[in-house]
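Below, each chain spelled out in residue letters.
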Amino acid sequence: MSLVQFLVLGALMFSFGVYGLLVRRNAVMVLLAIELMLNAVNLNLIAFEAALRTAFAGGQVFAIFVITVAAAEVGIGLAIVLLIFRNRRSANVDEMDLMRW
Amino acid sequence: MGGWFTEASNWWFLIIAAFIVVASFRVVTSGNVVHSALFLVASLAGTAGLFLMLGAQFVAWVLVLVYIGAVVVLFLFGIMITRAPTGPKVEADNPRKGFAATAATVTFAVMTYSSISAFGHTEVSKVGSGTATELIGNQLMGRFVLPFEVVSFVLLAALVGGIVLARQDTSDDIEEGGGQ
């Protein structure tokens, strides 16, 4: 197996995430697209670890860190979305224009 | 490229990759939020399969436990609580699809070009017989102990922050006369 096939698959997943991030209206769906992008990053880390086989397993350890931070991110993100929904009766990002000049 | 198709693991890669691409595409195009979350499960499961192929068993099962077991369930709760639009008639996307597709395509093209030009001939080394789990445990408690503790503190802060943000503050409601 060559390394490039995993990198291209990761790039494709990341690009789908970029598309979803830009095009979605609901904030929960924006968060789903962000999870897709973080997952593509994890795939890259594991693929590079499999190619380099570092003595300290750096790629796998940092993939675990990324998973942890992503879990924290989705917890806080959903709490913020919940708060915005409670205050504005909508979770659509294009209606959140309170701080727009 | 001629010998690429003779390797059995590459066929497995193609099957899983096609599965992941279809699932990821449906995550960002499905009009139903619940379907999007469930396609994310499929995409993550395929990624966990690739991790197993690459000899990262521990990370693969952490992905299954944390993402599929916890994060997606959290998403489903979020979808239900915010009453996100789940009907097919609701417009889930904003009208600037062309711009977003262009940005995504350019991102993909740049990353693919740079990956191929930099790592075009790098091979993934063969997976050994043992697992890397023991090594990861030793490294987390040795070389990476400080980042490990910092990340646990981040989780604690996120836990407290999530509770503070999502808590319904009833005393404010009374002061503002019912508020909200």
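Preceding this paragraph is the structure being described.
Everything numeric in this text was worked out from a predicted model, so none of it was measured.

1. Notes on a nonpolar patch on the surface
Link 1 in the chain: On the surface, Phe153(B), Leu156(B), Leu159(B), Val160(B), Ile163(B) and Val164(B) cluster together into a nonpolar patch covering about 610 Å² of accessible area.
Link 2 in the chain: If you trace the backbone, Val164(B) turns up in helix α6 (residues 145–166).

2. Brief notes about the interface of chain A and chain B
Link 1 in the chain: Tallying the contact residues gives 69 residues for chain A and 88 residues for chain B.
Link 2 in the chain: Contact between chain A and chain B buries roughly 7100 Å² in total, counting both sides, with carbon and sulfur atoms accounting for 75%.
Link 3 in the chain: A per-residue breakdown of the area chain A buries against chain B is headed by Met1(A), Tyr19(A) and Leu32(A), which together make up 11% of the total.
Link 4 in the chain: Taken together, the connections running from chain A to chain B amount to 0 salt bridges.
Link 5 in the chain: Mapped by element, the contributors of at least two residues to the side of chain A that touches chain B are α1 (3–23), α2 (27–52) and α3 (58–88) of chain A.
Link 6 in the chain: The element contributing the most residues to the side of chain A that touches chain B is α3(A), with 25 residues.

3. Structural notes on the packing of helix α1 (residues 8–29) of chain B against helix α2 (residues 33–53) of chain B
Residue and element names in this part refer to chain B.
Link 1 in the chain: The interhelical angle for the contact between α1 and α2, taken along N-to-C directions, is 160°, at an axis separation of 8 Å. If you check the angle between α1 and α2, you find them roughly antiparallel. Like other packed secondary-structure pairs, α1 and α2 cross with a definite hand, here left-handed. In this structure, α1 uses Ser 9, Trp 12, Phe 13, Ile 16, Phe 19, Ile 20, Ala 23, Ser 24, Arg 26 and Val 27 to contact α2, whose residues at the interface are Ser 36, Phe 39, Leu 40, Ala 42, Ser 43, Gly 46, Thr 47, Gly 49, Leu 50 and Met 53.
Link 2 in the chain: Tallied by class, residues from the contact of α1 with α2 come to 12 nonpolar, 7 polar and 1 charged.

Criteria and thresholds
- Residues numbered from 1 in each chain as written.
- Chains lettered and ligands numbered in written order.
- Predicted model: local features only at pLDDT ≥ 70, side-chain atom pairs only at ≥ 80, totals over all residues.
- Heavy atoms only, no water.
- Patch = residues over 30% accessible without salt bridge, like charges linked within 9 Å, V, L, I, M, F, W, Y side chains within 5 Å.
- Areas by Shrake-Rupley, 256 points an atom, 1.4 Å probe, with all protein chains shown as cover.
- Salt bridge = Lys/Arg side-chain N within 4 Å of Asp/Glu carboxyl O.
- Helix = DSSP H or I, 4+ residues; strand = E, 2+ residues; numbered from the N terminus.
- Contact = heavy atoms within 4.5 Å.
- Buried area = accessible area lost by both parts, 1.4 Å probe.
- Axes fitted to C-alpha atoms, helices over the stretch in contact; angles between N-to-C directions.
- Parallel < 35°, antiparallel > 145°, perpendicular 65-115°, else oblique.
- Left-handed = near helix turned anticlockwise from the far one by under 90°.
- Nonpolar A, V, L, I, M, F, W, Y, C, P; charged D, E, K, R; others polar.

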